[in-house]
Amino acid sequence: QVTLVESGGGLMQAGGSLRLSCAASGRTVGSRAMAWFRQAPGKEREVVAVISRLGFRTYYQDSAKGRFTISRDNAKSTVYLQMNSLKPEDTAVYYCAAAKVGSTWLGPSNEYDYWGQGTQVTVSS
């Protein structure tokens, strides 16, 4: 069993920065790739960034490249998403997710079997 708790969301003006944190608990966390997804009102959930279990590989959605950085501290069982140069279109609920142990790298969302409750990020223009 894995439990994920996100924090760090809030209201920010365009151009500002936020750092999201995802505190994970569970014996297998260090064996899982982790990801941040987001869902804006009226839109489908989309992957923002993914990090491999040891942090050596990362993936970013095109809109996040150069602005967002995903990282993890396995000693603290925490995953981070540093978001810089925020834009109004970044407004969404952001979810942390843990991939199934042994799942394919960059698999579909159903390869993630644990999800956090989400944290709201609102960027004003």
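Our subject is the structure that appears above.
Anyway, here's the lowdown on the structure attached to this text. The shown structure was predicted, so the numbers you read here are calculated from the model rather than taken from an experiment.

### Describing the nonpolar core
Part 1: Formed by 28 residues in total, the largest nonpolar core has its most connected members in Leu4, Trp36, Leu81, Met83 and Tyr94.
Part 2: Setting aside residues up to four positions removed in sequence, Tyr94 forms contacts with Glu6, Leu20, Trp36, Phe37, Arg38, Val48, Phe68, Leu81, Met83, Gly118, Thr119 and Val121.
Part 3: Formed by 7 residues, the second largest nonpolar core is a distinct cluster that contains Ala35, Phe37, Ala99 and Tyr112.

### Notes on the sheet that holds strand β1 (residues 3–7)
Part 1: Taken in spatial order, the 4 strands line up as β1-β3-β8-β7 in an open sheet, and their pairing is antiparallel. The sheet terminates laterally at β1 and β7 (68–73), the two strands that pair on one side only. In this sheet, neighbouring strand axes are inclined to one another by 15° on average, regardless of whether the strands run parallel or antiparallel.
Part 2: Pairing analysis gives 6 bridges linking strand β3 (residues 18–25) to strand β8 (residues 78–83), with the strands arranged antiparallel. Residue Arg19 lies in a different strand from β8, and its bridge partner there is Gln82.

### Notes on unusual backbone geometry
Part 1: Unlike most non-glycine residues, Ser77 shows phi in positive territory, near 50°.
Part 2: Looking at the secondary structure, you find Ser77 in the loop between β7 and β8.
Part 3: Taking the relative accessible area as the measure of exposure, Ser77 reaches 24% and is therefore partly exposed.
Part 4: The residue Leu106 is not glycine, and still its phi comes out positive at about 60°.
Part 5: Summarising the element assignment, Leu106 is placed in the loop between β9 (92–99) and β10 (112–115).

How each quantity is defined
Residues numbered from 1 in each chain as written. Predicted model: local features only at pLDDT ≥ 70, side-chain atom pairs only at ≥ 80, totals over all residues. Heavy atoms only, no water. Core = buried A, V, L, I, M, F, W, Y, C linked by side-chain atoms within 4.5 Å. Buried < 20%, exposed > 50% of the residue type's maximum accessible area, 1.4 Å probe, protein only. Contact = heavy atoms within 4.5 Å. Pairing = 2+ DSSP bridges. Helix = DSSP H or I, 4+ residues; strand = E, 2+ residues; numbered from the N terminus. Axes fitted to C-alpha atoms, helices over the stretch in contact; angles between N-to-C directions.

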